[in-house]
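Tertiary structure, described
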Amino acid sequence: MGDMTESQDVQTLPLDAWHRAQGARMVPFAGYEMPVQYEGIIAEHLWTRGSAGLFDVSHMGQLTVHGAGADAALETLLPGELRMLGDCRLRYSMLLDDHGGIIDDLMATRRGEDFYVVVNGATKLGDIDEMERRLPRGIVVDHMKEQALLALQGPRAVDVLERLAPGVSELVFMQGGAFRIGDIPAWISRSGYTGEDGFEISVTARDVEALADALTADERVKPIGLGARDSLRLEAGLPLYGHDIDLTTTPVMADLQFAIQKRRRSEGGFAGAMRILGELDNGAPQRRVGFGVEGRQPVREGALVLDGEGNEVGRITSGGHSPSLSRPIAMGYVNTSLAEPGTKVTL
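Please read all numbers here as calculations on a predicted model, not as lab measurements.

Before going further, it helps to examine the packing of helix α2 (residues 41-50) against helix α7 (residues 226-235). Closest axis-to-axis distance for the α2/α7 pair is 8 Å, and the angle between their directions is 55°. Comparing the axis directions of α2 and α7 gives the class oblique. Relative to α7, α2 is oriented so that their crossing is right-handed. Contacts between α2 and α7 involve Ile-41, Glu-44, His-45, Thr-48 and Arg-49 on the former and, on the latter, Gly-227, Ala-228, Ser-231, Leu-232 and Glu-235. When its residues are assigned to classes, the contact of α2 with α7 shows 3 nonpolar, 4 polar and 3 charged.

Have a look at this one:
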């Protein structure tokens, strides 16, 4: 949708009219008009934690990377283990620059010899340019512009989706497969970005409205906007690209070293490996941490972190109200010496 528009124009999602009919308040985000909320952020957040929430994430970039040795080629840019990744298995990873800074975080799924890669919406065109420029000749990056993407998240998501796509409940976390939802062919993975069980469902743009109708016909499902998506991922401690991670942060600083598997740590061979492996051995200067905030006043992105003497020791990168805890929470960076749980600081 909107491929003919200039990049500075705000594009519309395939489900734009559907969202408006559901009462969504639309805002510009990542180059698209996106639903920020329907009935209210707190209600939508708690509904997702208790039942099943439907998110439109069609602004994300869906890519396929193919060509001989696509796994080894991608391993030069990503620090994750891809060569040993099983078929239809997902891996969370990061696209790195030569200094180990994070260009984007992403999900990579092996589909035979090819990889299906989902990247962030605001960065997708830059990511494609970066990959085409740095991957060896013979590796092709296809931007699947005709695909839409929905996420169904929450404890009842599996029961809802199993009725429509029998067999989907057999997927384990971080596994995908090809399914049919009625007449609609779909690629479904058991994954998401809310801290809940759930699924991400890729279908063609022309099928997405029928899919959204089929899902919301179940009374356990309500559409959920960007506002609750942000509060859900913040509660789960999940970083948002461009806020909590960016070119100035490495995977070790961002506390994402789980995404660098054992063979990659011993062999290296990925962008920025020298710096990142050094930080794995010796520690990074700063570390991403979560904050429980005393009092009722939320702390916002950009606030400074001060130690007991009033010295600046870090900054807040995301903050807001936690509907599940009914109090403010935040995440950000502090000097590594202060990163132990239980440390008291002033925001």
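Moving on, we get to the side chain of Asp-105. With respect to the secondary-structure elements, Asp-105 resides in strand β7 (residues 102-111). Despite being buried, Asp-105 has no salt bridge partner; Arg-288 is the closest side chain of opposite charge, sitting 8.4 Å away. Polar contacts involving the side chain of Asp-105 include one to the side chain of Tyr-92, which spans 2.9 Å. For Asp-105, the side chain forms a polar contact with the side chain of Asn-120, separated by 2.8 Å. Ignoring any residue separated from it by four or fewer positions in sequence, one finds Asp-105 in contact with Tyr-92, Ser-93, Met-94, Val-119, Asn-120, Tyr-193, Pro-239, Tyr-241 and Ile-245.

The next point concerns helix α9 (residues 273-282). Taken residue by residue, α9 has Ala-273, Ile-276 and Glu-279 as its buried positions. One face of α9 carries all of its buried residues, which in axial projection span an arc of 135°. Opposite the buried face of α9, by more than 90 degrees, sit the exposed residues Met-274, Asp-281 and Asn-282. Looking one or two residues past α9, Gly-283 carries a phi angle of roughly 90°, positive in sign.

We now examine the packing of aromatic side chains. Enumeration over the complete set of coordinates arrives at 1 aromatic pair. Positioned above the aromatic ring of Tyr-116, the side-chain terminus of Arg-111 is 4.3 Å from the ring centre. In this arrangement the basic side chain of Lys-222 is found over the ring face of Trp-47, its NZ or CZ atom lying 4.1 Å from the centre.

To continue, consider the nonpolar core. If you look at the biggest cluster of nonpolar residues, it comprises 27 residues, and the most contacted ones within it are Leu-152, Leu-161, Ile-188, Ile-201 and Leu-215. Elements supplying a minimum of two residues to this core: β4 (52-56), β10 (147-153), α5 (157-164), β11 (176-181), β12 (184-189), β13 (198-204) and α6 (208-216). Once residues lying within four places of it in the same chain are set aside, the contact partners of Leu-152 are Ala-52, Gly-53, Leu-54, Ala-157, Val-160, Leu-161, Gly-198, Phe-199, Leu-215 and Val-221. Counting residues in hydrophobic clusters, the runner-up holds 22 residues, among them Tyr-92, Met-174, Ile-245 and Ala-284.

So, on to the sheet that holds strand β9 (residues 140-143). In space, the 5 strands of this open sheet follow the order β6-β7-β8-β5-β9, with antiparallel pairing throughout. Edge positions in the open sheet fall to β6 (90-96) and β9, since each of these has one partner strand only. For this sheet the average axis-to-axis angle between neighbouring strands, irrespective of direction, equals 30°. Across the face of the sheet, helix α4 (residues 124-134) comes into contact with β5 (61-66), β6, β7, β8 (114-119) and β9 while running at roughly 165° to β9.

Procedures and definitions
Position labels on residues start from 1 in each chain and follow its written sequence. Local features in this predicted model are restricted to residues whose pLDDT is 70 or higher, and side-chain atom pairs enter the listing and the counts only when it is 80 or higher, whereas totals over whole chains, interfaces and linings include all residues. Side-chain metrics in this entry use all non-hydrogen atoms of the structure; hydrogen atoms and water are not considered. Helix axes are fitted to C-alpha atoms over the stretch in contact, other axes to C-alpha atoms as well, and angles between N-to-C directions run from 0 to 180 degrees. Elements are defined by DSSP. Helices are runs of H or I of four residues or more, strands are runs of E of two residues or more, and each kind is numbered from the N terminus. Should an angle lie under 35 degrees it is considered roughly parallel, over 145 roughly antiparallel, and from 65 to 115 roughly perpendicular; all remaining angles are considered oblique. In this scheme, a crossing is called left-handed if the near helix is turned counterclockwise away from the far one by less than a right angle; it is called right-handed if the turn is clockwise. When checking whether two residues touch, look at their non-hydrogen atoms; a contact exists if any pair is within 4.5 Å. Following the grouping adopted for this structure description, the nonpolar residues are Ala, Val, Leu, Ile, Met, Phe, Trp, Tyr, Cys and Pro, the charged ones are Asp, Glu, Lys and Arg, and the polar ones are all others, Gly among them. Burial here depends on accessible area, computed with a 1.4 Å probe over protein chains only, as a share of the maximum for the residue type. Under 20% is buried, over 50% is exposed, and the range in between is partly exposed. His residues and chain termini do not enter the charge count, which takes Lys and Arg as positive and Asp and Glu as negative. Any carboxyl oxygen of Asp or Glu within 4 Å of a side-chain nitrogen of Lys or Arg constitutes a salt bridge here. In the analysis that follows, any N or O atom pair within 3.5 Å is treated as a polar contact, provided that within protein one partner can donate a hydrogen and the other can accept it, and provided that, for residues neighboring in sequence, both atoms belong to side chains. The arc in question is the one spanned by the directions pointing from the helix axis to the C-beta atoms. Pairing of aromatic side chains requires ring centres within 6.5 Å, counting the rings of Phe and Tyr and the six-membered ring of Trp. Pairs whose planes differ by under 30 degrees are stacked, by over 60 edge-to-face, and all others tilted. Throughout this description, the term charge over a ring refers to an Arg CZ or Lys NZ atom that lies within 6 Å of the ring centre and within 35 degrees of the ring normal. Only buried residues count toward a nonpolar core, which is a set of Ala, Val, Leu, Ile, Met, Phe, Trp, Tyr and Cys residues joined through side-chain atoms within 4.5 Å. By this definition, two strands are paired if DSSP reports at least two bridges between them.

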